Each structure stands twice: as C-alpha cells, then as structure tokens.
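Given next are the chains, with one letter for each unit.
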Amino acid sequence: MTTQDFSRGAAYVDGAFVPIGDARISVLDWGFTHSDAVYDVVHVVDGAFFRLQAHLDRFRRSMAMRRMDVGMTMDEIRCNLHEVVALSGLRDAYVAMVALRGRPRIYGSRRPADCQNHLVTYAVPWVDVVPREVQERGARLKIADVPRVPDACFDPTVKNYQWGDLTTGLFQAHDEGYDSVILCDADNYVTEGPGFNIFSVWNGHVWTPDHGCLPGITRATVLELCTELGIPFSVGRLRRAELEVSDEAFITSSGGGVIRVQQINDRILPQAEESPVFKRLRQAYWEAHRDPRFHEPIGYHAYA
Ligand SMILES: Cc1ncc(COP(=O)(O)O)c(C=O)c1O
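For the protein chain, an unreviewed UniProt entry supplies the name branched-chain-amino-acid transaminase and the organism Cupriavidus necator. Reading the Sequence similarities (unreviewed entry) entry of the UniProt record for the protein chain gives the comment "Belongs to the class-IV pyridoxal-phosphate-dependent aminotransferase family." Among the UniProt annotations of the protein chain, the heading Function (unreviewed entry) holds the following wording: "Acts on leucine, isoleucine and valine."

J.: Looking at this structure, how should I read the pattern of salt bridges?
T.: Evaluation of the coordinates by the stated rule reveals 13 salt bridges. With a shortest N-O distance of 3.1 Å, Asp57 and Arg60 are connected by a salt bridge. With a gap of three residues between them, Asp57 and Arg60 both fall in helix H2 (residues 52–65), about one helical turn apart. When the shortest N-O distance is used, the salt bridge between Arg148 and Asp165 registers 2.8 Å. With a gap of 17 residues between them, Arg148 in the loop between strand E7 (139–143) and helix H5 (164–175) and Asp165 in helix H5 connect regions that are remote in the sequence. Each of the two residues, Arg148 as well as Asp165, counts as buried.

J.: Sorry if this is basic, but what is going on with the site of the ligand here?
T.: The environment of the ligand is formed by 16 residues, the closest being Lys159, Glu192, Ile217, Thr218 and Ser254. In this structure, an oxygen atom belonging to the ligand sits 2.9 Å away from a side-chain N or O atom of Arg58. Taking Glu192, its side chain carries an N or O atom lying 2.7 Å from a nitrogen atom of the ligand. With the chains in place, 93% of the 390 Å² that the ligand exposes on its own is no longer accessible. Assessed atom by atom at 2 Å from the grid points, the ligand resides in the largest pocket. A per-class count over the shell around the ligand returns five nonpolar, eight polar and three charged.

J.: I'm lost on a nonpolar patch on the surface in this one. Help?
T.: On the surface, a cluster of nonpolar side chains totalling about 410 Å² of accessible area is made up of Ile25, Val27, Leu28 and Phe32. Mapped onto the secondary structure, Leu28 falls in the loop between strand E2 (16–19) and helix H1 (30–33).

J.: Can you help me understand the environment of Leu52 in this one?
T.: Considering the arrangement of structural elements, one finds Leu52 in helix H2. What makes Leu52 buried here is its relative accessible area of 1%. Setting aside residues up to four positions removed in sequence, Leu52 forms contacts with Val42, Arg78, Leu81, His82 and Glu296.

J.: What should I look at first to understand the packing of H2 against helix H3 (residues 74–88) in this one?
T.: Helix-helix packing: each pair is described by the crossing angle between the helix axes and the interaxial distance. At a closest axis distance of 11 Å, the pairing of H2 and H3 adopts a crossing angle of 125°. By the angle class used here, H2 and H3 are oblique. Crossing hand, H2 versus H3: right-handed. Facing Leu52, Gln53, Leu56, Phe59, Arg60 and Met63 of H2, the residues of H3 in contact are Met74, Ile77, Arg78, Leu81 and His82.

J.: Quick question: what am I supposed to make of the packing of aromatic side chains here?
T.: Taken as a whole and judged by the stated rule, the model has eight aromatic pairs. Relative to Tyr161, the ring of Tyr39 has its centre 4.5 Å away and its plane inclined at 35°; by these criteria the two rings are tilted. Placement of Tyr39 in strand E3 (residues 37–45) and of Tyr161 in the loop between E7 and H5 is noted, with a sequence separation of 122 residues between them. Taking relative accessible area as the criterion, Tyr161 reaches 30% and is therefore assigned partly exposed.

Reading the values: rules and limits
- The residue count restarts for each chain, going from 1 along the sequence in the order it is written.
- Selection of residues for local features in this predicted model requires a pLDDT of at least 70, selection of side-chain atom pairs for listing and counting requires 80 or more, and totals for whole chains, interfaces and linings are taken over all residues.
- Heavy atoms from the whole structure form the basis of all side-chain values; hydrogens and water molecules are not counted.
- UniProt positions are given in the numbering used here, feature names are shortened, and annotations may be inferred rather than shown by experiment.
- Just to be clear on terms, a salt bridge is a Lys or Arg side-chain nitrogen sitting within 4 Å of an Asp or Glu carboxyl oxygen.
- The helix and strand labels rest on DSSP assignments: H or I over at least four residues marks a helix, E over at least two residues marks a strand, and numbering proceeds from the N terminus.
- Burial classification: accessible surface area is computed with a 1.4 Å probe over protein chains only, and a residue below 20% of its type maximum counts as buried, one above 50% as exposed, and the rest as partly exposed.
- Throughout, near means a residue has at least one heavy atom within 4 Å of the molecule or strand.
- Throughout this description, a polar contact denotes any pair of N or O atoms lying within 3.5 Å of each other; where both atoms belong to protein, one of them has to be capable of donating a hydrogen while the other can accept it, and for residues adjacent in sequence the pair is counted only when both atoms sit in side chains.
- Per-residue and other accessible areas follow the Shrake-Rupley method at a 1.4 Å probe size, with only the shown protein chains counted as cover for residues.
- Site definitions follow a grid-based scheme: protein atoms alone, a 1 Å grid, a 1.4 Å probe that fits but cannot get out for cavities, and for pockets an open set with protein on both sides within 12 Å along at least five of seven lines, plus lining residues having an atom within 4 Å of a point.
- A molecule is counted as occupying a cavity or pocket when more than half of its atoms fall within 2 Å of that pocket's grid points.
- Amino acids outside the nonpolar list (Ala, Val, Leu, Ile, Met, Phe, Trp, Tyr, Cys, Pro) and the charged list (Asp, Glu, Lys, Arg) are all regarded as polar, and Gly is one of them.
- Think of a patch as exposed residues, more than 30% relative accessible area, with no salt bridge, where like charges cluster within 9 Å and nonpolar side chains (Val, Leu, Ile, Met, Phe, Trp, Tyr) cluster within 5 Å.
- Note on definitions: a residue-residue contact is assigned when non-hydrogen atoms from the two residues lie within 4.5 Å.
- As a rule, the C-alpha atoms of each element are fitted with a line to give its axis, helices using only the stretch in contact, and angles between N-to-C directions run from 0 to 180 degrees.
- Angular relationships are summarised with four words: roughly parallel below 35 degrees, roughly antiparallel beyond 145, roughly perpendicular across 65 to 115, and oblique for the angles in between.
- Put simply, a crossing is left-handed when the front helix is turned counterclockwise from the back one by less than a right angle, and right-handed when it is turned clockwise.
- A pair of Phe, Tyr and Trp rings is counted when the ring centres sit within 6.5 Å of each other, with Trp represented by its six-membered ring. The angle between the planes then sorts it: under 30 degrees is stacked, over 60 is edge-to-face, the rest tilted.

Have a look at this one:
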C-alpha cells in the first residue's frame, strides 16, 4: 500500500513509480539535450485504453527506427502503462510512453550507441489538442509560413519531439488570433499540425495527406469508419489550395478525437456549421470506444 499522492498524475522514471510532480530526468540525458526521444500517447476514456495495441505497435516501430532499446518487452510496457494509470486513479487520462536516448555509459562519448536508453511513462488528467470551447465552435486554423521539416530529414512517421517547425507555426497562428496551425511542405502540399492530422471534405469526399505526417491512430480509425459508413475517401497528396476550398474540414488526435474546423486562414468553411461528414464520423468514433476490439479496461484493482 502506497502513501504517496498520485492525484495529479503518476509517472514511471528510473525504474520507479512516483507522483507526477516528482518525475525527473537528468539534464545530461540526450532526450533533453538533443530531443533524442520517441514517444506515443494513448488516451483513457471512462477507465479504459482506446486502441492500446495500435499505440504500442507504433511505439515499438518508432523505437526500432531510432535504434532504441529500453530493455523491456512490449508486454512489460503494456503492464507498466496499466500500473501508471491505476496509480493515478484517473478514469480519463492522457497517457504517454517515452523512450529516451539517455546518457552515454562512457563519460563524454558522442556515440549514440553508447547511451543507456530508458523508458519514462506517465498518466495525467486528459489533455485536448485544442481547448474544449474551441472544439464546440470549431477550430480556426492558420496555414503557416514555415514549411514542415522534409520527410527526408526526419521521418514524421516516427513520433518524436522535433517540434521546432510546429512551434514556430503555433506562434504565428496565435499571434494572428487563430487557434492552431497547419503546416505544408516546401511544395505546398498539406502535412499536419501540432498534435493532429488534417482532413478536408469536398463534395462529400474525404481527403487526407499521405506524407509529411504521423500515421495517426485517430486518423486510421476515421479511415476505417469511412469504409464502414460508405463515405468515399482518398489518402494522397493534398494541395494547400485544395484544403483552402474545403466544404468542411476536421482534425484528428488522441488529444480530443475528431474535431471540427470552422475556418482556414480568413475563409469560414461553407459547411462548417452543419459539417455532415464530420458529425457522422465523430459520433462513430466515440461509439468505437465501446468496441471490445479497441477497448482495454484498466486493472485499477490490481494496483490498489
Ligand atoms: C505531429 C502529430 N501528428 C498527428 C498526431 C495524431 O496522432 P494520433 O491520432 O495517433 O494521436 C499527433 C499526435 O499527438 C502528432 O503529434
């Protein structure tokens, strides 16, 4: 029985579970000094993970792509995530798993292979990619001047902490009174935003980019739901000019689900209010949370 206060969230770091406020990493960790980390985020709704296996699969791939080995099996990481949520007691949570490069085992080594990789996990109260009140009215999005870092420089399918371009875009959007930002590549094809994928709907047809973006689990869920609901869709190149003339649009993220877009740059989308395709998909998305294939209840009792 623990006497620590986990009510603000719980974390696993350096091999121990601690209250979130006590979770620390070294300033010498390459995860900090070089942003040399991969991560994943899964949400817990009403006491259950949504699509945990898909998040674990993506996390395993991200680690492999960056040659990270945290010395734990994926089953051990799954159990660790259950434990960190159970300790927090949270029924609705933002749950992160982070693999950090760590510190070189040989002092002063500049060889990434010399570093002792390690796992950090944490569960904190639910976090939305845009605030709830913005979700209600629909997000106003700016297309940034800054281009997304090219895929050839850093593979965006590896979920990572290289957020320099996204942060620059966010500053521009907020300075100009928008809620968030969309980045295009240097050739003006749409990529993604800070923490979300983007969908454009035109004439009842759904479009989403095929490159320059993370293969979001929410995006994958939405595409599966399009198939189930008979909504036509394409995954391919989406030009900035095409996005700008969308009838309706939405963004997807584990931090909030399927979120309506009201405005892109200075244009209010003509179907922003009704957003018929968005509404069907959002409803189906939340219904999917009860699907036993995707729903994994937390073993709260096991760690009481
Ligand atoms: C850059 C980026 N794109 C897209 C997404 C959406 O992915 P998911 O639906 O798996 O949360 C995220 C998630 O945080 C992200 O960080």
